[in-house]
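# Overview (structure and organization)
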Amino acid sequence: MALGSANGNRAEGATTPLMSWKNNLRALLVDASSTCRIIGKAYLTSYGVETEAVENGEAAFDLIYMGASFNVIIIDMHMREMNGAQCARRLRTMGVQSRLLGMSTSYREHEQHEFLAAGGNGFIQKPLHPSKFVPILQELDNN
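Residues numbered from 1 in each chain as written. Predicted model: local features only at pLDDT ≥ 70, side-chain atom pairs only at ≥ 80, totals over all residues. Heavy atoms only, no water.

Going by what an unreviewed UniProt entry lists, the chain is known as Response regulatory domain-containing protein and is assigned to Rubus argutus.

Moving on, we get to the pattern of salt bridges. In the structure shown here, the tally under the stated rule is 6 salt bridges. With its nearest N and O atoms 2.4 Å apart, the salt bridge here joins R26 to E50. Taken together, the residues span a long stretch of sequence, with R26 in strand β1 (residues 26-30) and E50 in strand β2 (residues 50-54) at a distance of 24 residues. Take R26: its relative accessible area is 17%, and that puts it in the buried class. Note on E50: relative accessible area 39%, which makes it partly exposed. For R90, the salt bridge identified is with E58, shortest N-O distance 2.8 Å. Taken together, the positions of R90 in helix α3 (residues 84-93) and E58 in helix α2 (residues 57-65) put the pair 32 residues apart, joining distant regions of the chain. According to the relative accessible area criterion, R90 is partly exposed, its value standing at 29%. By relative accessible area, E58 is classed as partly exposed at 37%. (Salt bridge = Lys/Arg side-chain N within 4 Å of Asp/Glu carboxyl O. Helix = DSSP H or I, 4+ residues; strand = E, 2+ residues; numbered from the N terminus. Buried < 20%, exposed > 50% of the residue type's maximum accessible area, 1.4 Å probe, protein only.)

Encoded structure:
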């Protein structure tokens, strides 16, 4: 949602989202690649989703410990410290109920099965693109 000033003009740098939602949707993007974090956050934000982006699972866990909550958490499957399945398993152990999506540049069936078995809800291929995440956001907004 665009920010306004007292005189009704848009705040400097504010933009109107490409989509609006019934609910305030929040996303967490967990990706070791700073480029993927920047692009992913820009995409999600431009579609009206309040987005945090962190470089690893430990940073994600810290946000959860501090009380942050998200509708969806998108997790890179190939992080240095832990893989996507390990991150998903720990998030579920912490009681996180968010939709967990694994994300990778390659389609590896065994990784997808491991991620789903760890508590993940789905898997999408990189690069993050509206054609992949908008339907998921629409579903979350309708629940």
